[in-house]
Amino acid sequence: MGPAQRLMKLQPHDLTDRITPTNDLFVLAHLGVPQVDATRWTLSIDGLVRHPLSLDLRQLQALPKREIEAVHQCCGSPLEPFVPTRRVSNVRWGGADLAALLDQAGVEPEARFLWSYGLDGGIFVGADCDWYLKDLPLARFSAGDVLLAYELNGEPLPPEHGFPVRLVVPGYYGTNSVKWIWRLHLAKDRAEGLFTTTYYNDPPGTADAAAGLGRTRPVWATAPESVIVAPAPDTTLRVGEASELWGWAWSFRGIVAVEISLDDGLTWQAARLEPRRGWTWQRFRLRLQADRPGPLKVLARAREVGGQGQPRAGARNAMHEVEVTVLARD
Ligand SMILES: Nc1nc2c(c(=O)[nH]1)N[C@H]1C(S)=C(S)[C@@H](COP(=O)(O)O)O[C@H]1N2
Ligand SMILES: [Mo]
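In this text the structure is predicted, and so the values were computed from the model without any measurement.

Enquirer: So what about unusual backbone geometry? Which residues, and what values?
Expert: In the segment running from F163 into P164, the intervening peptide bond is cis, with an omega of 5 degrees. Positive phi values are uncommon outside glycine, yet R86 reaches one of about 50 degrees. Residue placement: R86 occurs in the loop between β3 (65-73) and β4 (88-97). Classification of R86 by relative accessible area gives buried; the value is 14%. Look at D234: it is not a glycine, yet its phi comes out positive at around 70 degrees. You can see D234 is positioned in the loop between β15 (225-230) and β16 (236-238).

Enquirer: So, the environment of D17: which residues are in play, and what are the values?
Expert: The topology assignment puts D17 in the loop between α1 (3-7) and β1 (42-47). You can call D17 partly exposed: its relative accessible area is 40%. In this structure, the C-alpha to C-alpha distance between D17 and K65, residues 48 residues apart in sequence, is 25 Å. If we skip the residues at most four places from it in the chain, D17 touches W248 and W281.

Enquirer: Any details on the pattern of salt bridges? Residues and values, ideally.
Expert: Where charged atoms of side chains with opposite charge meet at close range, the side chains can pair. Tallied over the full model, the rule gives 17 salt bridges. E151 serves as the salt-bridge partner of K65, at 2.9 Å between the closest nitrogen and oxygen. Taken together, the residues span a long stretch of sequence, with K65 in strand β3 and E151 in strand β9 (residues 147-152) at a distance of 86 residues. By relative accessible area, E151 is classed as buried at 16%. Of the charged contacts in the structure, one is a salt bridge between D264 and R312, with a shortest N-O distance of 2.8 Å. In this pair, D264 sits in the loop between β18 (255-261) and β19 (269-270) while R312 sits in the loop between β22 (294-304) and β23 (320-327), placing the two residues 48 residues apart along the sequence. Assessed through its relative accessible area of 43%, D264 is described here as partly exposed. Residues joined by salt bridges that share partners form a network here, namely D264, K297, R312 and E321.

What counts, and at which threshold
- Residues numbered from 1 in each chain as written.
- Chains lettered and ligands numbered in written order.
- Predicted model: local features only at pLDDT ≥ 70, side-chain atom pairs only at ≥ 80, totals over all residues.
- Heavy atoms only, no water.
- Helix = DSSP H or I, 4+ residues; strand = E, 2+ residues; numbered from the N terminus.
- Buried < 20%, exposed > 50% of the residue type's maximum accessible area, 1.4 Å probe, protein only.
- Contact = heavy atoms within 4.5 Å.
- Salt bridge = Lys/Arg side-chain N within 4 Å of Asp/Glu carboxyl O.

Here it is in structure tokens:
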């Protein structure tokens, strides 16, 4: 299997299953895949906690098990933050609720961030790093469901997906779900590092710039996005024949509408959209019937709670566009 196939096994039109089979899942490993001996694995929780903890796999698996179905999306290359890759899937994770463990450890009131360390180290774009280190705001815990996962789609995590234990932060881009996790550290400030404050920070938006904030934004919560599964690119349709257009939509906040345009964004019609259920993606559908022969461009755009939509281009969540051919009636 070549590296490109591991990065992206499924194109949007291949996402026909609600739950992505594990063998079809993309693999992202910036520093290689470490082989971890589960019998010697431990996780420590330290920093701004009253009772630092250390636990092994048996202790972790003895905690109540939670299962969550969630969108799993890579935000794309940190070197090309505006290029949409549509590297997305929807899977089931099983593991322990991290919030309960943090309660046991007793997080100090001044802690605001959770730093998470993976066992993989090495060189990324010429810079040496000891560990894959990420951080996330403790405020994320109010939405619940941050897991220390040891199962993927009902099976133990495969080595390339983080065996024996990884962090799973549903609703956040995949980069935050640290694989091969071994340490959690509670801190007042963000972690300075390659994957926290150097890469994976978007430039300030116009609103921030106008307010004189000028701050970058960490790549945490997923922005509203939608992918068209059918029709697949280069399909042929026939004038007057109805077919089903459908796809998936998601965002951290949840999608409230998906609209389709068949005239390059001039006019839009609302697709039927299933309501949000937990962290899983939402299916949309629309009866598609072309009334003229020729090339047909299909565009989809999702809107989330609060009104935010998808830009047409120049962003990782730019609208997905599929081109098909419409043949005359025979
Ligand atoms: N330790 C570690 N965790 C990591 C990464 C990594 O390189 N090292 N890559 C991240 C990125 S960029 C993504 S998109 C997801 C991908 O998870 P998967 O390979 O299990 O699909 O893992 C994240 N967690
Ligand atoms: Mo990623």
